[in-house]
Structure formats: C-alpha cells, structure tokens
Amino acid sequence: MGLLFYFEQDALSVRELTIFFTFFVMLQFWNLFNARVFGTTDSAFKGISKSYGMEFIVLAILIGQFLIVQFGGAVFRTEPLDGWTWLQIIASSSLVLWAGELVRWIQRMRQK
C-alpha cells in the first residue's frame, strides 16, 4: 500500500503498474524462503541446495517474472524496466527475507 501512496495519483502509468506488480511478486518470492522454514528457527538457506523442487520453483518465478515484465507488453500491460529499477525492487523487497532471518537468528540465540 505504501508504494501506491508513493505514486500519489488517481491513475497509475503503465511503468508504475509494472513496478507495483513486480514489487508484489518479489515480496512473495522472498517470503517463499521464509515459508520454507516456517515454525522452525532454521535459516531459510539451510539445505537449500538439496531441495531441487525449490530450486526449480525459484528459477521459474524469476525467469517468468523477468519475461512477463520485459517482453509482456500489451498482453500483460507491462513495460520493460531498466537494470537499476530491477535492482531497487529486488533489494527493497528482499527485506522480507532478511527480517525473517533476523527473527529466527534471535530465536536461535535465545535457545542457547
């Protein structure tokens, strides 16, 4: 919701809608890692290289999102984003993962 307030307009441009859509998908993407270890104090990265299904899903989401945004055009009502915008979206949305990692780390330290 904060992103919509940031744009401060009644009608969003195609670029703004693309950024909003990509940010939303990336939030869900990072939360996928948190959901993987839900209810434990394990790191989201523990044993990730042994989880081939997870690796496949991660790649499918990233590649799919990139293709939709960069080449979806009128079909998906998107416009290509530059590298800097992608980097900003990925970095800012990844805070969901890092917040989860921090909470689980604190829980592990309390258990010791």
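Counting restarts for each chain: residues are numbered from 1 in the order of the written sequence. Confidence filtering applies because this is a predicted model: local features only for residues at pLDDT of at least 70, side-chain atom pairs given and counted only at 80 or more, and all residues used for totals across whole chains, interfaces and linings. With hydrogens and water stripped out, all remaining heavy atoms of the structure feed into the side-chain values.

## Here's the deal with the overall build of the chain
Strands here mean DSSP runs of E at least two residues long; helices mean DSSP runs of H or I at least four residues long; both are numbered from the N terminus. When you go through the chain residue by residue, the secondary structure sums to six helices and zero strands. Order of helices (α) and strands (β) in the chain, N terminus to C terminus: α-α-α-α-α-α. Considering only C-alpha atoms, the chain reaches an extent of 50 × 30 × 20 Å along its principal axes. Burial classification: accessible surface area is computed with a 1.4 Å probe over protein chains only, and a residue below 20% of its type maximum counts as buried, one above 50% as exposed, and the rest as partly exposed. The buried share of the chain, taken over its 112 residues, is 29%. For the chain, the share of sequence-separated contacts (at least 6 apart) that also reach a separation of at least 24 residues comes to 66%. Residue-level accessible areas treat just the shown protein chains as cover; the underlying method is Shrake-Rupley with a 1.4 Å probe. Looking at the chain as shown, the accessible area adds up to about 7,600 Å², and 69% of this sits on carbon and sulfur atoms. Any two residues whose heavy atoms approach within 4.5 Å at even a single point are treated as in contact.

## So, the pattern of salt bridges
Opposite charge on two side chains lets them pair, provided their charged atoms get close. Here, a salt bridge means any Lys or Arg side-chain nitrogen found within 4 Å of an Asp or Glu carboxyl oxygen. Scanning all chains against the criterion turns up three salt bridges. Close ionic contact of Glu101 with Arg104 constitutes a salt bridge, the shortest N to O distance being 2.6 Å. Here Glu101 and its partner Arg104 are both found in helix H6 (residues 95-111), three residues apart, which amounts to about one turn of the helix. No difference in accessibility class separates Glu101 from Arg104, as the two residues are buried.

## Describing the nonpolar core
With 15 residues, the main nonpolar core has Phe29, Trp30, Phe33 and Leu81 as its most contacted residues. The leading source of residues in this core is helix H2 (residues 14-36), at five residues. Working definition of a nonpolar core: buried Ala, Val, Leu, Ile, Met, Phe, Trp, Tyr and Cys residues. They are joined through side-chain atoms within 4.5 Å.

## Description of the packing of aromatic side chains
Here the aromatic set is Phe, Tyr and Trp, taking the six-membered ring for Trp, and pairing holds for ring centres within 6.5 Å; pairs whose planes are under 30 degrees apart are stacked, those over 60 apart are edge-to-face, and all others are tilted. One pass over the structure, following the stated rule, counts seven aromatic pairs. Ring centres 6.3 Å apart and planes at 40° place the aromatic pair Phe33 and Phe45 in the tilted group. Here the residue Phe33 occupies a position in helix H2, and Phe45 occupies one in the loop between H2 and helix H3 (52-71), the gap between them amounting to twelve residues. The class for Phe33 is buried, based on a relative accessible area of 7%. Judged by its relative accessible area of 36%, Phe45 is partly exposed. Residues Phe45 and Trp98 carry aromatic rings whose centres are separated by 5.9 Å and whose planes lie at 35° to one another, so their mutual orientation is tilted. With Phe45 in the loop between H2 and H3 and Trp98 in helix H6, the pair connects residues that are 53 residues apart, well separated along the chain. Trp98 sits in the partly exposed class, given a relative accessible area of 44%. In this structure an aromatic cluster arises from ring pairing among Phe29, Trp30, Phe33, Phe45 and Trp98.

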